[in-house]
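Remarks on the overall topology
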Amino acid sequence: MTIELGLDTFGDIALGPDGQPLAAATVIREVLAEGQLADRLGVDFFGVGEHHRPDYAISAPDTVLAGLATTTERILLGTSVTVLSSDDPIRVFERFSTVDALSNGRAEITVGRGSFIESFPLFGLDLEDYEVLFSEKLDLLAEVLKEAPFNWTGTVRKPVQAGPVMPPTESGHLRTWVGVGGTPASVVRAAKYGLPVVIAIIGGTSAAFEPLADLYRRACAEFGHEGLPVGVHSPGHVAATDEQAAQEYLPHFLEQMRKLGSERGWPPMTEAAARQQFGPEGAVYCGSPETVARKIAATVQTLGASRFQFKYSNGRLPHEQRMSSIRLYAEEVAPRVRELLAQ
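Reference entry: report on the structure contained in this document. Counting of residues starts from 1 at the beginning of each chain's written sequence and follows it residue by residue. At least 70 in pLDDT is required for a residue's local features to be given in this predicted model, at least 80 for side-chain atom pairs to be given and counted, and no such filter applies to totals for whole chains, interfaces and linings, which use all residues. With hydrogens and water set aside, each side-chain value is computed from the structure's full complement of heavy atoms.

Quick look at unusual backbone geometry
- Of note, the amide linkage connecting Ser80 to Val81 takes the cis form, showing an omega dihedral of 10°.
- Under the DSSP-based scheme used, a helix requires at least four consecutive residues in state H or I and a strand at least two consecutive residues in state E, with every element numbered from the N terminus. Among the structural elements, Val81 can be located in the loop between strand S3 (76-79) and strand S4 (82-83).
- Cis rather than trans, the peptide bond between Met166 and Pro167 has omega equal to -10°.
- Position of Pro167 relative to the elements: it lies in the loop between strand S7 (160-162) and strand S8 (176-180).
- Positive phi outside glycine occurs at Asn104, with the angle close to 60°.
- With respect to the secondary-structure elements, Asn104 resides in the loop between helix H3 (89-102) and strand S5 (109-112).
- Its relative accessible area of 68% is what places Asn104 among the exposed residues. Buried means the residue's accessible area, taken with a 1.4 Å probe over protein chains only, is under 20% of the maximum for its type, while exposed means over 50%, and partly exposed covers the values in between.

This is the structure in structure tokens:
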């Protein structure tokens with residue numbers, strides 16, 4: 001089966017040699033170097049996420065992607081995700097069609113609600129409108145993506161009647177995905193618009209998401225959009241051995257999960273619980289190239305996915321270890337995944 005193997009990062013703020021958090025500008029330059037390395041090594045896709053909090057350096061992913069567009073040659077460039085609820089769909093298209101021009105047709109968008117809510121108060125939006133904002137803005141974006149004159153009416157902004165939004169893409173098609181969690185309504189909505197989905201699996205087993213992928217395919221068939229791809233986004237780290245990978249990744253993963261847990265009222269994650277996530281049934285792809293490759297191949301087969309996006313950065317994991325993980329992912333994991341799927 002054909003599979004695209006990609007990488008995702010949120011521009012996590014790591015620590016410098018002095019033990020202090022790196023400047024956001026430094027982290028952004030590191031992300032550029034990581035994307036350029038991924039391109040040289042033949043990785044299929046590089047995605048950057050949008051956040052508006054001090055844990056992450058990237059709040060304007062399209063600008064980062066524009067930098068990568070002119071310093072890479074073949075890798076697909078996209079988001080993971082663009083927080084559409086707090087953005088303007090027309091401006092989203094304008095920015096990414098510009099990246100598409102700079103990259104000679106390699107730009108993509110993945111739109112979603114995001115996993116944090118900081119952008120709502122930051123841009124003067126009411127959380128009570130959480131559902132309607134995403135629903136209506138996705139509807140408007142679907143019209144803009146047709147690259148034709150449109151007349152749209154909703155409740156979250158004034159009606160808009162416009163010709164094709166500028167600049168148009170050279171191909172007439174800007175590949176756009178919808179990032180989803182575990183909500184059935186989300187995959188049905190994506191199917192309605194004929195948009196592929198990326199399922200974010202950051203906890204539990206991938207097999208638990210098989211009914212969601214099946215629901216998406218059934219909905220696509222009902223809406224007349226059969227054959228759309230399904231992608232998966234999950235975190236992980238690759239090192240020479242399983243234990244080296246765990247030793248490098250575990251402190252940063254635990255710190256990050258405990259911080260998020262304290263914000264969201266979850267109990268603190270234990271080391272045993274984290275290591276369970278690293279196992280065959282967990283959502284973290286941490287280990288040697290063989291371990292990670294087998295786990296990715298199993299997930300791809302279970303969900304019938306045609307893309308896997310490996311979130312290689314986490315918390316304070318340093319740049320050098322991220323670069324090493326990218327090399328192993330490109331040079332050893334990716335070919336092994338394809339070999340396993342061919343079998």
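So that's the structure; there's more coming.
Here's the deal with the packing of aromatic side chains
- Ring pairs shown here join Phe, Tyr and Trp side chains whose ring centres sit within 6.5 Å, with only the six-membered ring taken for Trp; geometry is labelled stacked below 30 degrees between planes, edge-to-face above 60, and tilted in between. For the coordinates displayed, the defined rule picks out nine aromatic pairs.
- Among the aromatic side chains, those forming a connected cluster through ring pairs are Phe10, Tyr56 and Phe116.
- Only when the NZ of Lys or the CZ of Arg is both within 6 Å of the ring centre and within 35 degrees of the ring normal is a charge said to sit over the ring. A cation over a ring is seen here: Lys295 above Tyr285, with NZ or CZ 4.9 Å from the ring centre.
- We note Arg307 situated over the ring of Phe45; from NZ or CZ to the ring centre the distance is 4.2 Å.

Let's talk about the pattern of salt bridges
- When a carboxyl oxygen of Asp or Glu is within 4 Å of a side-chain nitrogen of Lys or Arg, the pair counts as a salt bridge. Enumeration according to the criterion identifies 27 salt bridges in this entry.
- Of the charged contacts in the structure, one is a salt bridge between Asp55 and Lys259, with a shortest N-O distance of 3.2 Å. Of this pair, Asp55 sits in the loop between strand S2 (45-48) and helix H2 (61-69) while Lys259 sits in helix H8 (residues 242-264), and the two are 204 residues apart along the sequence.
- Exposure remark for Lys259: the relative accessible area of 35% places this residue in the partly exposed category.
- Arg175 is the partner of Glu108 in a salt bridge, and the nearest nitrogen-oxygen pair spans 3.2 Å. Taken together, the residues span a long stretch of sequence, with Glu108 in the loop between H3 and S5 and Arg175 in the loop between S7 and S8 at a distance of 67 residues.
- Since its relative accessible area comes to 2%, Glu108 is described here as buried.

Quick look at the packing of H8 against helix H9 (residues 271-278)
- The axes used here are C-alpha line fits, helices contributing only the stretch in contact, and every angle between their N-to-C directions lies in the interval 0 to 180 degrees. Running from N to C, H8 and H9 point in directions that differ by 120°, and their axes come no closer than 10 Å. Taken as axis vectors, H8 and H9 run oblique relative to one another. The hand of the H8/H9 crossing is right-handed. Of the residues in H9, those touching H8 at Glu243, Ala246, Tyr249, Leu250, Phe253, Leu254 and Arg258 are Glu271, Ala274, Arg275 and Phe278.
- Among the residues forming the contact of H8 with H9, the class breakdown is seven nonpolar, no polar and four charged. Working definition: roughly parallel below 35 degrees, roughly antiparallel above 145 degrees, roughly perpendicular at 65 to 115 degrees, and oblique for all remaining angles. By definition, any crossing whose near helix is turned counterclockwise from its far helix by less than a right angle is left-handed, and any crossing with a clockwise turn is right-handed. Throughout, a contact is declared for two residues whenever any of their heavy atoms are within 4.5 Å. Throughout, the ten residues Ala, Val, Leu, Ile, Met, Phe, Trp, Tyr, Cys and Pro are labelled nonpolar, Asp, Glu, Lys and Arg are labelled charged, and all others, Gly among them, are labelled polar.

So, the nonpolar core
- To qualify as a nonpolar core, a set must consist of buried Ala, Val, Leu, Ile, Met, Phe, Trp, Tyr and Cys residues joined through side-chain atoms within 4.5 Å. Counting residues in hydrophobic clusters, the biggest one holds 76 residues, and the most contacted among them are Leu7, Phe46, Ile199, Ile296, Phe308 and Phe310.
- Counting residues per element, this core draws most heavily on helix H11 (residues 319-342), at ten residues.
- When neighbours within four sequence positions are excluded, Ile296 is seen to be in contact with Leu5, Tyr285, Phe308, Tyr329, Val333 and Val337.

A short note on the pairing of strand S1 (residues 4-9)
- A large share of S1 lies buried, amounting to five of its six residues.
- In short, DSSP must find at least two bridges between two strands for them to pair. Here five bridges tie S1 to strand S12 (residues 307-311), and the two strands are oriented parallel to one another. Its bridge partner being in S12, Leu7 is matched across the sheet by Phe310.
- Summarising the sheet, S1 and S2 pair through four bridges and their orientation is parallel. Bridge pairing in S2 places Gly6 opposite Phe45.

Geometry only, nothing functional implied.
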